[in-house]
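Here's the letter readout for the chains.
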Amino acid sequence: MAKFVLAGKADCPHYAKAELLADRLQRSLPDFKIHKISILPHDWQKWLEATCNRNGWKHEKSPLVWRELVDQGGKGMLLGDFSDFLEHCQDYYSITSDMPTDSMLVVAAENLETKMNIIAEEQRVLNLIEPLHIWITSALNPTCNFLIPNLLSAEVFPHVSAISLHLLDLEGNEKGLQGLRMATEDLALHLLHQVTIHTDLDQAFQEADVILLLDEWWSDDSDEEQRKKKVKGMSDRYIEYGQLIDRRANKEVKVIVSADSFANLRCSLLLDNARSVDSHQFVTMATQLENEAKAIIAKKLKVRISDIKDVIVWGNISGSFYIDLQWTKVFNYDGAIKGPAFFSQPALKLLHERFSRTVDLYSSWDVYPKSRQPFPSSRKWLEAEFQDLARCRRAASKSFRAASMSAADGILTVLTAWNCSSDAVLSVGVLCQGDYNLPDGIVLSLPVNFTSGKWGVLSEAAIGDELKERLWFSSRELMQEKELGSEVLCMDGYK
């Protein structure tokens, strides 16, 4: 079988002449197949360069004709332009074309009109679909590789029929984004409507229904000037993000701030600059800390990590935080009391029972010194060593950039609860509005429940004097971060 591909500008007379010659051959020869690609005039040069680069060809004008070597499984064999195609037809099939110039021009005009009508019809059909618009910033962040395959699913968005995914990366190259787009399209996800890529803010957050912010500012230096530069860069960007969200996004947009550095501050900057969007539409995640705490408790109680539920993280996610187990439940614990799969026991009770027996403690975490020491009381362990272990695990995962998988899982967990409701207790950074008598206007990690697409702070959680002091310390820490950002911007003359 001879399969040829004929591509050209929609208004090119020589493309029209080659098209009619190919149609004549296809009618006359049962084994001759032709595939036509009509390109709009203003798109032709870019398409031609991309096609030639991909195949290693050199060609400069319309049309472009090549033969697909379908039987041999090789790449296409370039024939050339109309003259080369005509010569090939004369030599192999003894067929030529004597189409006059006037007819060529008429057919070329008809081709262009037909192409425009097809595009208009495709656009009309697209306009009938109302997809959910999801924007992801820093899309070349490794988190995206774990996130995208599970994000566009009915489990996360149960009442959505189509999703348009917008990949934004201001530092990334367009080639990398093109690769990510093709990889996403190759997944053939049922809800995926289209993927667009962006390397600037010209269209950022247009019609956004969900915004996932993965921007990261890793910093291992203690130099104050370097810290100020990072704070300024982050503040500049998130002020602009907030303003764009305010102008362009859907007013019911769900905004999730992920990654590790300056998490609470970044969420606060968005809130300050997106005044027309309800503050309940913005959260920052503490799920990575929750998961690290669950892993430590699971190891201690010899259960699976998935058997630990409802860990609370209070405070500054990127700074001084406190992990609280007052609501934490443990399932499938191998103890004196057992029950069905839905039966759980309080983690504090099980830990107290375990610590009441005097044994030697050997730390099994590589990030923690393996020194031999007697068990402390459960309260002392929870207040000191447990908190330190969580911080050590956090530092280790940050150093090896292993947080990407955890961040993706956290985003999916929060979005699923937000869209589907959940009785689970999740810790997210939200704007304080008088909750627990904490200062207003500060973004702190608090325990929340998601119900009917809204979150509400868990008012039943108990806060003692010691925890209240910790939270006030976190509040002062965040105020200082915010003041540092404002100071740096003022020194730089930011308007």
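Parameters and conventions
- Residues numbered from 1 in each chain as written.
- Predicted model: local features only at pLDDT ≥ 70, side-chain atom pairs only at ≥ 80, totals over all residues.
- Heavy atoms only, no water.
- Phe/Tyr/Trp six-rings, centres within 6.5 Å; stacked < 30°, edge-to-face > 60°.
- Helix = DSSP H or I, 4+ residues; strand = E, 2+ residues; numbered from the N terminus.
- Buried < 20%, exposed > 50% of the residue type's maximum accessible area, 1.4 Å probe, protein only.
- Lys NZ or Arg CZ within 6 Å of the ring centre and 35° of its normal.
- Pairing = 2+ DSSP bridges.
- Contact = heavy atoms within 4.5 Å.
- Axes fitted to C-alpha atoms, helices over the stretch in contact; angles between N-to-C directions.
- 1 Å grid on protein atoms, 1.4 Å probe; cavity = no way out; pocket = protein on both sides within 12 Å on 5 of 7 lines; lining within 4 Å.
- Points joined across faces, edges and corners; volume = space filled by probe spheres on them.
- Nonpolar A, V, L, I, M, F, W, Y, C, P; charged D, E, K, R; others polar.
- Salt bridge = Lys/Arg side-chain N within 4 Å of Asp/Glu carboxyl O.
- Parallel < 35°, antiparallel > 145°, perpendicular 65-115°, else oblique.
- Left-handed = near helix turned anticlockwise from the far one by under 90°.

K.L.:
Help me out: how do you make sense of the packing of aromatic side chains in this one?
P.N.:
In total, this model carries 12 aromatic pairs according to the counting rule given. Summarising the aromatic geometry, the rings of Trp135 and Phe205 are spaced 6.0 Å apart at their centres and angled 70 degrees between planes, so their arrangement reads as edge-to-face. With Trp135 in strand β5 (residues 132–137) and Phe205 in the loop between β7 (192–198) and β8 (210–213), this residue pair connects regions lying 70 residues apart in the sequence. Residue Trp135 shares its accessibility class with Phe205, and that shared class is buried. Taken together, a centroid distance of 5.3 Å and an interplanar angle of 75 degrees make the contact between Trp314 and Tyr436 edge-to-face. Placement of the pair is Trp314 in strand β12 (residues 312–315) and Tyr436 in the loop between β18 (422–431) and β19 (443–451), with a sequence separation of 122 residues. Each member of the pair, Trp314 as well as Tyr436, is classed as buried. The cationic tip of Arg391 hangs over the ring face of Phe321; the distance from NZ or CZ to the ring centre is 4.5 Å.

K.L.:
It is not clear to me how the sheet that holds strand β14 (residues 329–331) should be interpreted in this structure. Could you clarify?
P.N.:
In any sheet, the strands associate via hydrogen bonds between backbone groups, in a parallel or an antiparallel arrangement. Read from one edge to the other, the open sheet built from three strands follows the order β11-β14-β15, with strand pairing classed as antiparallel. Two strands bound the open sheet, and with one partner strand each, they are β11 (308–309) and β15 (344–346). Taken together, the two bridges between β11 and β14 define a ladder with antiparallel strand orientation. Note on β14: the bridge partner recorded for Lys309 is Lys329. Contacts between helix α10 (residues 347–355) and the sheet are confined to β14 and β15, with β15 contributing the most and set at about 70 degrees to the helix.

K.L.:
Even after reading the chapter, I still don't get the layout of surface pockets, so can you show me in this structure?
P.N.:
Where empty space is left becomes clear once a probe the size of a water molecule has been rolled over the atoms. Within this model, the largest pocket holds a volume of roughly 430 Å³. Surrounding the largest pocket, 21 residues form its lining, Lys294, Ile308, Lys309, Ala424 and Leu426 being those nearest its centre. Split into classes, the residues belonging to the lining of the largest pocket amount to seven nonpolar, seven polar and seven charged.

K.L.:
I tried to follow empty space enclosed by the protein on my own but got confused; where do I start?
P.N.:
The full count for this structure, using the stated rule, is two cavities of 30 Å³ or more. If you add up the space inside the second largest cavity, you get close to 50 Å³. Taken together, Asn264, Leu265, Ser268, Gly441, Ile442, Val443, Leu478, Met479 and Lys482 form the lining of the second largest cavity. Contributions of two or more residues to the lining of the second largest cavity are made by α8 (263–273) and α13 (465–491). Looking at side-chain class alone, the lining of the second largest cavity contains five nonpolar, three polar and one charged residues.

K.L.:
How should I be thinking about the pattern of salt bridges in this particular structure?
P.N.:
Proximity of charged atoms lets side chains of opposite charge pair with each other. Scanning the entire structure with this criterion turns up 15 salt bridges. In this structure, Lys349 engages Glu353 in a salt bridge whose closest nitrogen and oxygen atoms are separated by 3.2 Å. Residue Lys349 and its partner Glu353 are located together in helix α10, separated by four residues, close to a single helical turn. Taking the relative accessible area as the measure of exposure, Lys349 reaches 34% and is therefore partly exposed. As a salt-bridge pair, Arg470 and Glu466 come within 3.7 Å of each other at their nearest N and O atoms. In this pair, Arg470 and Glu466 both sit in helix α13, four residues apart, roughly one turn of the helix.

K.L.:
Help me understand the packing of helix α9 (residues 287–301) against α10, please; the structure alone is not making it clear to me.
P.N.:
Helix packing for two helices is described by the angle between their axes and how far apart those axes are. Between α9 and α10, whose axes approach to 11 Å, the crossing angle comes to 45 degrees. One element, α9, and the other, α10, form an angle in the oblique class. For the pair α9 and α10, the sense of crossing is left-handed. In this structure, α9 uses Ile297, Lys300 and Leu301 to contact α10, whose residues at the interface are Leu350, Leu351, Arg354 and Phe355. Its residues assigned to classes, the contact of α9 with α10 comprises five nonpolar, no polar and two charged.

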